[in-house]
Amino acid sequence: PASAQVSVAPHSGKFSYTLDNAVLSREQRQFYEDNGYLLIRNLVSDQDIERFRKEFTRICKREVKPPGVMIMKDESRKSQFGQSESVVNKVQDFQEDEELFRYCTLPEVLKYVECFTGPNIMAMHTMLINKLPDSDQQTFLHPMHQDLHYFPFRPASRIVCAWTAMERAHQDNGCLVVQPGTHRTALKPHGYPQWEGKTNKLFHGLLDEDEKIPKVHLVMEKGDTVFFHPLLIHGSGINRTSGFRKSISCHFASSECHYIDVKNTTQEHLEKELQEMVCKKYNATDVELKDIWNFRARLVQGERINL
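Rules and cut-offs
Residues numbered from 1 in each chain as written. Predicted model: local features only at pLDDT ≥ 70, side-chain atom pairs only at ≥ 80, totals over all residues. Heavy atoms only, no water. Phe/Tyr/Trp six-rings, centres within 6.5 Å; stacked < 30°, edge-to-face > 60°. Helix = DSSP H or I, 4+ residues; strand = E, 2+ residues; numbered from the N terminus. Core = buried A, V, L, I, M, F, W, Y, C linked by side-chain atoms within 4.5 Å. Buried < 20%, exposed > 50% of the residue type's maximum accessible area, 1.4 Å probe, protein only. Salt bridge = Lys/Arg side-chain N within 4 Å of Asp/Glu carboxyl O.

A.B. asks: Just give me the short version of the packing of aromatic side chains, but keep the residues and values in it.
C.D. replies: Across all of its chains, the model carries nine aromatic pairs by this definition. When the ring of F116 is compared with that of F227, the centres are 6.2 Å apart and the planes differ by 25°; the resulting orientation is stacked. Taken together, the residues F116 in helix α5 (residues 107-117) and F227 in strand β12 (residues 225-228) connect sequence positions 111 residues apart. Clustering of aromatic rings is evident, with ring pairs tying together Y32, Y112, F116 and F227.

Pasting the structure below:
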């Protein structure tokens, strides 16, 4: 079926998290239904990944300065390595960088995204992560969390993350770790873990993690892409190698999703922290959470409706 023919309502029978089209097999839909993620091997080409890598290097060297982009660095390495990929661990909100934003428009990625969002697709949150070699400080460990904690829009079932490995990701260099089936749970309270000197800004984690739930390490080759639900509990370990572990990702949502008021919810403290960061960066006195997301969001397919 053509894009316009895809139903926006969940499957009336068995499937709640995927939409009816001819892309996913019944087995793939059932796997996502049960586990909250789906790994597609060899989806993004080496040529595209090389282009993303080159643009990342140009951003690190300040050869390009995309508007709105947030560059996160390990300041402790700056004196040793200067302005390079050895210092930058994340390039976030790259929606105004046309070269990196190509990732969000790749037909081979959007083909799968549409299975979860329907035909009207917004790119909501973009990141290129460069997991640096770590030490016993575990600076770049990302605690187990649910991405929905960061998002003031719903419904959750019409949001999906596409995460592509830019080189082999495995346990030694801090691959993704997921807890299958946790996408069927509610959004849990998040905050900064009690790790002295081991937390990065906005690296929130579950305040009460259930260690009994089995964890799966997603070993991925270059170009492999995992699609996962925003309530799936996941994180990543530290990079124990001497190299880097790069990945590029985007959270997509149906433009028919709607914003919610997070006041008096577990997300309220995040709203305040994000507002303070944006006001400081842009020298503003007041900014609404919805405005921050409107700035980040960009239409990639179909019609812009609510978001």
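Let us keep going from here.
A.B. asks: Please give an account of unusual backbone geometry that cites residues and values.
C.D. replies: Residue P155 follows R154 across a cis peptide bond; omega there is 5°. Tracing the backbone through its elements, the reader meets P155 in the loop between β6 (153-154) and β7 (159-165). The backbone phi angle of N42 is positive, close to 50°, even though this residue is not glycine. Position of N42 relative to the elements: it lies in the loop between β1 (37-40) and α2 (46-60). One non-glycine residue, N264, lies in the positive phi region at around 65°. Following the sequence through the fold, N264 ends up in the loop between β15 (258-259) and α6 (268-282).

A.B. asks: Run through the nonpolar core, naming residues and quoting values.
C.D. replies: Across soluble globular proteins, you tend to see nonpolar side chains buried next to one another. Grouped together as the largest cluster of nonpolar side chains are 39 residues, with contacts concentrated most on V91, Y103, C104, V109, F227 and F252. If you list the elements that add at least two residues to this core, you get β1, α2, β3 (88-92), α4 (98-105), α5, β4 (121-131), β7 and β14 (245-254). With six residues, α5 is the largest single contributor of residues to this core. In this structure, Y150, F153, A253 and L274 belong to the second largest nonpolar core, which totals 23 residues.

A.B. asks: Requested: an account of the pattern of salt bridges, with residues and values cited.
C.D. replies: Two side chains carrying opposite charge are able to pair once their charged atoms lie near each other. Taken as a whole and judged by the stated rule, the model has 15 salt bridges. Where R298 meets E98, a salt bridge forms, and the shortest distance between an N and an O atom there is 3.2 Å. Of this pair, R298 sits in strand β16 (residues 298-301) while E98 sits in helix α4, and the two are 200 residues apart along the sequence. On the basis of relative accessible area, R298 is assigned to the partly exposed category, the value being 22%. Close ionic contact of E209 with K215 constitutes a salt bridge, the shortest N to O distance being 2.9 Å. With relative accessibility at 26%, the residue E209 sits in the partly exposed group. Judged by relative accessible area, K215 falls into the partly exposed class, the value being 37%. When salt bridges with common partners are traced through the structure, they connect E50, R53 and E167 into a single cluster.

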